[in-house]
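One-letter residues, chain by chain:
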Amino acid sequence: MNLQTVPSPTAALPLHGGPRHDWTREEIAALFNLPFADLIFAAQTVHRRNFDANQVQVSTLLSIKTGGCPEDCAYCPQSASHETGVKATKLLDKETVLREARAARDAGATRYCMGAAWRSPKDKDVEAVAELITAVKDMGMETCVTLGMLTDGQAHQLAEAGLDYYNHNLDTSPEFYGEIITTRTYQDRLDTLGHVREAGINVCCGGIVGMGEQRSDRVGMLHALATLPKHPESVPINMLVKVEGTPLGGAEQLDPIEFVRTLAVARITMPESFVRLSAGRETMSDETQALCFLAGANSIFTGAKLLVTKNPEADQDMALFARLGIEPLPL
Ligand code: SAM
Ligand code: DTB
Ligand code: SF4
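What counts, and at which threshold
- Residues numbered from 1 in each chain as written.
- Chains lettered and ligands numbered in written order.
- Predicted model: local features only at pLDDT ≥ 70, side-chain atom pairs only at ≥ 80, totals over all residues.
- Heavy atoms only, no water.
- Helix = DSSP H or I, 4+ residues; strand = E, 2+ residues; numbered from the N terminus.
- Expected span 1.5 Å × (residues − 1).
- Buried < 20%, exposed > 50% of the residue type's maximum accessible area, 1.4 Å probe, protein only.
- Contact = heavy atoms within 4.5 Å.
- Polar contact = N/O pair within 3.5 Å; in protein donor to acceptor, adjacent residues only side chain to side chain.
- Near = heavy atom within 4 Å.
- Areas by Shrake-Rupley, 256 points an atom, 1.4 Å probe, with all protein chains shown as cover.
- Nonpolar A, V, L, I, M, F, W, Y, C, P; charged D, E, K, R; others polar.
- Core = buried A, V, L, I, M, F, W, Y, C linked by side-chain atoms within 4.5 Å.
- Salt bridge = Lys/Arg side-chain N within 4 Å of Asp/Glu carboxyl O.

Asks: Tell me about helix 3 (residues 94-106), residues and numbers included.
Replies: With 13 residues, helix 3 should reach 18 Å at 1.5 Å per residue; the first-to-last C-alpha distance of 18 Å fits that figure. Burial in helix 3 covers these residues: T96, V97, L98, A101 and A104. On the buried face of helix 3, the contacting elements are strand 1 (55-65), strand 2 (111-116) and helix 4 (123-138). By the N-cap criterion, in which a side-chain oxygen at the helix start approaches the backbone nitrogen of a residue two or three places on, helix 3 is capped by D93, the distance to E95 being 3.3 Å. Looking at the residues trailing helix 3, positive phi occurs at G108, about 110 degrees.

Asks: Tell me about the site of ligand 2, residues and numbers included.
Replies: Ligand 2 sits among 13 residues. The nearest are N167, N169, N238, V308 and T309. Between an oxygen atom of ligand 2 and a side-chain N or O atom of N238, the distance comes to 2.8 Å. L307 has a polar backbone atom sitting 3.1 Å from an oxygen atom of ligand 2. Protein contact buries 88% of the 400 Å² of open area that ligand 2 shows by itself. Taken together, the residues of the shell around ligand 2 sort by class into seven nonpolar, six polar and no charged.

Asks: Lay out the nonpolar core in plain terms, naming residues and giving numbers.
Replies: Ranked by internal contacts, the top residues of the largest apolar core, which has 92 residues, are Y75, L158 and F259. Of all hydrophobic cores here, the second largest spans seven residues; its members include L61, C113, C144 and Y165.

Asks: Got a sec to walk through the site of ligand 1? Specific residues and values, please.
Replies: Neighbouring ligand 1 are 16 residues, the closest being Y75, T146, N169, D171 and V241. For ligand 1, a nitrogen atom lies 3.1 Å from a polar atom in the backbone of Y75. V241 is positioned with one of its backbone polar atoms (N or O) 2.9 Å from a nitrogen atom of ligand 1. Partitioning the shell around ligand 1 into residue classes produces 10 nonpolar, five polar and one charged.

Asks: Any chance you could break down the pattern of salt bridges for me, citing the residues and the numbers?
Replies: It is possible for side chains of opposite charge to pair when their charged atoms get near one another. The tally for this structure, following the rule as stated, stands at 18 salt bridges. When the shortest N-O distance is used, the salt bridge between E175 and R25 registers 2.9 Å. Linking E175 in helix 6 (residues 174-180) with R25 in helix 1 (residues 25-33), this pair joins segments that are 150 residues apart in sequence. Residues D164 and K137 are paired through a salt bridge, measuring 3.1 Å at the closest nitrogen-oxygen approach. Of the two residues, D164 sits in the loop between helix 5 (152-160) and strand 4 (165-167) while K137 sits in helix 4, which places them 27 residues apart along the sequence.

Asks: Residues and numbers for the environment of K65, please.
Replies: Looking at where K65 falls in the secondary structure, it is placed in strand 1. With a relative accessible area of 12%, K65 lands in the buried category. With 27 residues separating them along the chain, K65 and L92 place their C-alpha atoms 6.4 Å apart. Beyond its immediate chain neighbours, meaning those up to four positions away, K65 contacts Q78, T89, K90, L91, G115, A116, A117 and W118. A polar atom in the side chain of K65 sits 2.7 Å from the backbone oxygen of G67.

As structure tokens, then:
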């Protein structure tokens, strides 16, 4: 075959003019459909134009308020609607949070992400979290929180406390969304994201795959993210962690290659965003994770726990980084 006649998988990638916000579902579906080698080549090409391909950002999570959540998210072990054995707690005290944050910093994390199982925080909750944010920042770490829906005023209050990132996921495509959550709408989520943006906080927004959705839903989810007025600075792609007692506890396992494809398409469509290989690494082989980094994932959560489920130990992650020649991204 004459190589000149082979269409280049990177031919359609914009070389100039910054990230595109006008992706169509057809274009995104076409990326998913590329032969795997072409997709990875395109993702690597985009990745290397925007990032050091051998550096990965490292974040650590802490659940500062666990369980008893009034929302009915079908994947979530913390929803009060599901019997998962997760005990509901009150907001953790500052000393505990700072002790954990220090340990995460000493283990190499540069961002500390605090999650609360709230539908939306009360104003007094935001005040308490604002104090935690300031204290963690004073330790020399970036901060991220995920507290559910926010009002405009609450977003501004968090911005004033110095919050770097707010995590609020779209989770899936608009059409599959109703199968997963009935207690709040897609539009509610977009509204919160708007408030966070408007307050000048960096947006961390992604979703979950492996919930029994179709590929067209993964296309729809990435389309929703990549056509936001500004791309989220951070895009967590979670592989569903199947938790017994949740409606998705018995979901069929997603093919890891399809997961890697999802990361690659996120990388291509949101070229300047950090794409996080997020939940689901506990049951993922080192080889799959290596493919995820090749596909352009450049952030992970380290630390033995995510919010309530298990994650690989930090030293295990550092050993994998060493095998792959990856360096943690310095602040
Ligand atoms: N309650 C807040 C909210 O939902 O916005 C913040 C915490 S919530 C646990 C944050 C995100 O974690 C969810 O949007 C979802 O994408 C992800 N998540 C929760 N349970 C998960 C699971 N079992 N597997 C993968 N991701 C999960
Ligand atoms: C995100 O997208 N993934 C993180 C973070 N944002 C808050 C949470 C994953 C949770 C996995 C299941 C658990 O441990 O609760
Ligand atoms: Fe609550 Fe967040 Fe879990 Fe949904 S994902 S049940 S909102 S903690």
